[in-house]
Amino acid sequence: MAATNPHEALSARWRETVERVRAAPGPDPAPYADDLLARWEEPQRRYHTVDHLAAVLGHLDSLAPHADDIETVRLAAWFHDAVYRPDRSENEERSAHLAERALPELGVDHARTAEVVRLVRLTVSHDPAPGDRDGETLCDADLAVLGGTPQEYARYAAAVRDEYGFVPDDLFREGRAGVLRQLLALPRLFRTPLGHDRWELLAHRNLTAELELLTS
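The rules behind the values
- Residues numbered from 1 in each chain as written.
- Predicted model: local features only at pLDDT ≥ 70, side-chain atom pairs only at ≥ 80, totals over all residues.
- Heavy atoms only, no water.
- Salt bridge = Lys/Arg side-chain N within 4 Å of Asp/Glu carboxyl O.
- Helix = DSSP H or I, 4+ residues; strand = E, 2+ residues; numbered from the N terminus.
- Buried < 20%, exposed > 50% of the residue type's maximum accessible area, 1.4 Å probe, protein only.

Chemist: Run through the pattern of salt bridges, naming residues and quoting values.
Modeler: Applying the stated criterion to the full structure yields 17 salt bridges. A salt bridge links Arg 39 to Asp 35; the shortest N-O distance between them is 3.0 Å. Note that Arg 39 and Asp 35 are positioned in helix α2 (residues 30-40) at a spacing of four residues, about one turn of the helix. By relative accessible area, Arg 39 is classed as partly exposed at 23%. A residue is classified by how much of its surface remains accessible, and Asp 35, at 35% relative accessible area, is partly exposed. Residue Arg 161 is joined to Asp 169 by a salt bridge in which the shortest nitrogen-to-oxygen separation is 2.7 Å. Asp 169 sits in the exposed class, given a relative accessible area of 53%. It is possible to trace a salt-bridge network through shared partners that takes in Arg 13, Arg 20, Asp 61, Glu 71 and Arg 74.

From the geometry alone we can't say anything about function, so treat these as descriptive.
And the structure:
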């Protein structure tokens, strides 16, 4: 029977990915999906939610031909914001440690686990090295929201502000402007051919417009 709700659909995707990649028999993947989805549904999240996870996985389906190992990239997508507290700076590192613990338990071999951990850490900078096709694929999928329509981007920016609702306006504007400048300073926001063609121009327009609003 087909999955009937987003939680079930995501759980089914998780199970399929784990079954395809694990090198040894392991426990039922379902409880691990439940744990990850519970993390993605924590109340402090406004943008980094299950909807974001589902969107990234969907973008990975489109970008898959660019990746060297799309299943490993999919695993990294599940973990890349699995630990997320907007008041802390070590979220990616803690998410990487979660993957480092969970994947061997599921029967995923050391090399693939290490690659997932590397990819999760790469989402700190979104600046993969030339030729890092898996890193390029994950980062493009994660940043795809930047290349949405102005209305979609406005909803994204508002959700980010809500996540940082505890930060006073002046400090938020300063910090957010710094993030936008860092992204705009990248040689390319999107490294895959499809991502670059689909999202680069719109993303630059959106980021520039938000930066002007924040600094005007």
